[in-house]
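The lines below spell out each chain.
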Amino acid sequence: KAVVSTQSTGEQLEGALVAVVCNLKPANMRGIKSQGMLLCASDSDHKTVEVLRVPVGSIPGERITGDMYTSDPDKQLNPKKKIFEKVQLELSTNASLEVTYKGEHLKTSVGPITAPSIKNAVIR
């Protein structure tokens, strides 16, 4: 079981800007329909988990991009093709805590997406 860091309590998340994958197929989780997946950084043994930070000034609903990735995203990923599972293997943080995909920095219009403290983290 993962333990979400104390930096990520429900009270602290309320109203916060967060990174969410929103083109996954909706799924029922504990009786509630989930419309997206909150992205978090995790250490190598998956015991510490931190919610990714989106830069202040980002617009809610704004698309996260990288310079090499400018095409429109799929409206909904086909779960049978396991697209996100393949992408997720290439998501990580670097030594500067910035989130990368295949080495490319991911960002909003105002700056990079970061992890609070886990360097070289996996993103889940």
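Residues numbered from 1 in each chain as written. Predicted model: local features only at pLDDT ≥ 70, side-chain atom pairs only at ≥ 80, totals over all residues. Heavy atoms only, no water.

## Describing unusual backbone geometry
Step number 1: The backbone of Leu-97 sits at a positive phi, close to 75 degrees, despite the residue not being glycine.
Step number 2: The class for Leu-97 is buried, based on a relative accessible area of 19%.
Step number 3: Its identity as a non-glycine residue notwithstanding, Asn-120 has a phi of 55 degrees, on the positive side.
Step number 4: With respect to the element layout, Asn-120 can be found in the loop between strand 12 (111–112) and strand 13 (122–123). (Buried < 20%, exposed > 50% of the residue type's maximum accessible area, 1.4 Å probe, protein only. Helix = DSSP H or I, 4+ residues; strand = E, 2+ residues; numbered from the N terminus.)

## Focus on the side chain of Thr-93
Step number 1: Along the chain, Thr-93 turns up in strand 8 (residues 91–93).
Step number 2: Residue class for Thr-93 comes out buried when judged on its relative accessible area of 2%.
Step number 3: A distance of 2.9 Å separates the side chain of Thr-93 from the backbone oxygen of Ile-118, its partner in a polar contact.
Step number 4: There is a polar contact of 2.7 Å between the side chain of Thr-93 and the backbone nitrogen of Ala-121. (Polar contact = N/O pair within 3.5 Å; in protein donor to acceptor, adjacent residues only side chain to side chain.)

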